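The chain contents come next:
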Amino acid sequence: MEETKCIASIKHGLRGGVRIPGDKSISHRSVMFSALGSTPVHISNFLHAQDCMSTVACIRALGAKVDFQGEDELIVTGNGLYGLSEPQTILDAGNSGTTLRLMMGILAGQPFLSTFTGDASLHTRPMKRVIKPLREMGAQIYGREKNTKLPIAIVPIGKKLHGMAYNSPVASAQVKSAILLAGLFADTPTTVIEPHASRDHTEQMLRAFGVPIETNRTAVTVRPMKALVAPRSIEVPGDISSAAYWLVAGSIIPKSDLILKGVGINPTRTGILDILHAMGARITIQNERTSGGEKAADIHVETSMLKGTEFGSEIMPRLIDEIPILAVAALFAEGDTIITGAGELRFKETDRIQAIADQFNKFAPGAIEDTENGLVIHGGKRMQRATCFSYDDHRIAMSLAVLGAAGRGVEIERPDCVNISYPTFYDTLLQVKQK
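Every chain is numbered on its own, with residues counted from 1 as its sequence reads. Local features in this predicted model are restricted to residues of pLDDT 70 or higher, and side-chain atom pairs are both shown and tallied only at a pLDDT of 80 or more, whereas totals for entire chains, interfaces and linings draw on every residue. Remark: hydrogens and water are excluded; side-chain values derive from all non-hydrogen atoms of the structure.

(A) Molecular detail of the packing of helix H12 (residues 352–360) against helix H13 (residues 394–406). Between N-to-C directions, angles cover 0 to 180 degrees, with each direction set by a line fitted to C-alpha atoms, over the stretch in contact for helices. Runs of H or I in DSSP of at least four residues are treated as helices and runs of E of at least two as strands, each being numbered from the N terminus. Interhelical geometry of H12 versus H13 gives an angle of 30° and a closest axis separation of 11 Å. Between H12 and H13, the angle falls in the class roughly parallel. Where H12 crosses over H13, the handedness of that crossing is right-handed. Listed contacts from H13 to Arg352, Ala355, Ile356, Gln359 and Phe360 of H12 are His394, Arg395, Ile396, Ser399, Leu400 and Leu403. Its residues assigned to classes, the contact of H12 with H13 shows six nonpolar, three polar and two charged. For classification purposes, an angle smaller than 35 degrees is called roughly parallel, one larger than 145 roughly antiparallel, one from 65 to 115 roughly perpendicular, and anything else oblique. Working rule for handedness: look at the near helix, and if it is turned counterclockwise from the far one by less than a right angle, call the crossing left-handed; if clockwise, right-handed. Residue contacts are defined here by distance: any two heavy atoms, one from each residue, within 4.5 Å place the two residues in contact. Gly falls in the polar group here, along with every residue not listed as nonpolar (Ala, Val, Leu, Ile, Met, Phe, Trp, Tyr, Cys, Pro) or charged (Asp, Glu, Lys, Arg).

(B) Examining the sheet that holds strand S16 (residues 282–291) more closely. Strand pairing requires that DSSP identify at least two bridges connecting the strands. On the basis of which strands lie adjacent, the open sheet formed by four strands has the order S2-S15-S17-S16 and mixed pairing. Two strands close off the open sheet at either side, each with one partner strand: strand S2 (15–19) and S16. The average undirected angle you get between the axes of adjacent strands in this sheet is 15°. As paired elements, S2 and strand S15 (residues 257–264) share five bridges and run parallel to each other. Pairing of Gly17 across the sheet is with Ile259, part of S15.

(C) Main features of the layout of surface pockets. In this structure, the largest pocket encloses a volume near 660 Å³. Lining the largest pocket are 37 residues, and of these Ala171, Ser172, Ile320, Glu344 and Lys348 lie nearest its centre. Elements supplying a minimum of two residues to the lining of the largest pocket: helix H1 (24–34), helix H3 (97–107), helix H7 (173–183) and H13. Residue contributions to the lining of the largest pocket peak at four residues, all from H1. Looking at the lining of the largest pocket residue by residue, the classes come out as nine nonpolar, 14 polar and 14 charged. Points on a 1 Å grid, built from protein atoms alone, make a cavity when a 1.4 Å probe fits but cannot get out and make a pocket when they are open with protein on both sides within 12 Å along at least 5 of 7 lines; residues with an atom within 4 Å of a point are the lining residues. Grid points are joined across faces, edges and corners, and a volume is the space filled by probe spheres set on the points. In this model, the second largest pocket occupies a volume close to 220 Å³. Class assignment of the residues belonging to the lining of the second largest pocket gives a composition of five nonpolar, four polar and three charged.

(D) Spotlight on a nonpolar patch on the surface. Each patch groups residues whose relative accessible area exceeds 30% and which form no salt bridge, using 9 Å between like charges and 5 Å between nonpolar side chains of Val, Leu, Ile, Met, Phe, Trp and Tyr. Here, Shrake-Rupley sampling with a 1.4 Å probe gives the accessible areas, and only protein chains in the shown set may cover a residue. What counts as a salt bridge is simple: a side-chain nitrogen of Lys or Arg found within 4 Å of a carboxyl oxygen of Asp or Glu. A cluster of nonpolar side chains, Leu113, Tyr142 and Val155, forms an exposed patch at the surface whose accessible area comes to about 230 Å². Relative to the elements of secondary structure, Val155 occurs in strand S9 (residues 149–155). Burial status follows relative accessibility: with a 1.4 Å probe on protein chains alone, a residue under 20% of its type maximum counts as buried, one over 50% as exposed, and anything between as partly exposed. For Val155, a relative accessible area of 30% puts it in the partly exposed group.

(E) Focus on the nonpolar core. If you look at the biggest cluster of nonpolar residues, it comprises 80 residues, and the most contacted ones within it are Trp246, Leu260 and Leu276. Here Leu260 is in contact with Val18, Ile20, Ala243, Trp246, Leu247, Ala297, Asp298 and Ile299, once residues within four sequence places are set aside. For our purposes a nonpolar core is just a set of buried Ala, Val, Leu, Ile, Met, Phe, Trp, Tyr and Cys residues, chained together by side-chain atoms within 4.5 Å. With 69 residues, the next largest nonpolar core counts Leu36, Met104, Met164 and Val236 among its residues.

Structure representation (structure tokens):
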């Protein structure tokens with residue numbers, strides 16, 4: 001692993017077109033759900049990054065066939081909804097919380113033993129929020145620290161799971177998805193009610209696989225299924241979480257003019273567009289179309305004069321992963337930005353609230369105050385060059401890179417964690433930088 005990465009200040013703007021890598025959330029689900037079908041599914045624009053490859057490895061270990069036709073193109077052939085087989089070894093989710101949590105839902109009702117591990121970061125992340133409802137459905141799941149942490153073992157129960165109505169204390173797509181996927185193997189319908197609606201990629205893709213999904217405000221219901229009907233192909237749209245770095249970079253680096261191509265604009269994911277528009281960003285949506293059952297478009301962004309804003313828990317499920325890069329935008333905005341309802345950030349790959357405060361303040365001391373569940377960011381302060389630590393967190397590393405490029409430069413310690421979601425990020429930054 002490269003130990004440091006130097007990003008110089010960019011004075012002459014970013015220009016050109018950026019092809020956004022495939023959506024990470026949809027890439028995970030496309031492989032998992034295809035493995036539950038019985039016919040080949042051709043997946044294009046798949047995100048070939050560490051997290052998604054962890055899902056591929058788990059699916060292969062469970063008996064489904066995965067053939068890569070190219071870097072971002074593959075064919076997945078399953079053995080039917082009830083055709084997964086007992087893995088011969090421990091399943092390794094790597095750094096991927098999505099892999100672990102969704103696969104726990106799929107495997108909770110299987111008639112065989114499965115055991116999960118992951119990297120050091122994933123071993124620290126809370127799994128109780130998924131394990132608790134799955135156990136209420138009858139699953140037998142055991143883990144470290146009173147069934148809350150990896151390693152985790154799922155033991156066969158010899159009967160079907162019980163359908164239920166679950167009032168989730170958090171708006172989390174991973175929690176909701178795990179329960180809905182377990183509901184496919186239950187004896188009666190399963191409903192998840194959230195405090196706010198989280199991203200709906202699981203519901204959209206289940207519909208594409210012939211599963212009738214009922215929604216009523218923040219409640220989602222799935223019924224037990226005998227089989228899934230797999231589509232012949234899935235085209236994964238570009239990941240708006242990856243596009244977020246260019247949306248902010250294009251807004252705050254002078255003389256920038258970027259076209260972001262093929263970005264997914266699912267309404268449950270576009271909170272960043274709403275917030276940047278509220279801050280005064282010059283962003284327009286072009287060439288809207290449907291891609292893989294999901295809305296996609298090209299996004300045009302130009303240098304803008306941003307102003308501070310305030311947002312909280314109601315919009316958080318639509319932009320939780322984008323908070324680090326939005327904090328960068330806030331540093332370059334006029335006035336204060338107040339972020340609340342973001343306590344979930346303390347349980348990501350690292351404590352992102354603390355990471356933002358500790359590392360971003362190196363560029364503008366005193367500009368960021370952290371609270372229990374959010375941040376107060378004082379924009380418009382003079383920037384200085386900084387040496388910062390990534391915490392092996394891809395979103396922190398990429399946000400630091402944009403912050404350094406827009407400011408006076410940065411040296412990032414342990415930068416290669418971007419491979420988790422965006423392996424070509426640094427190369428793309430060089431390509432769109434004007435000489």
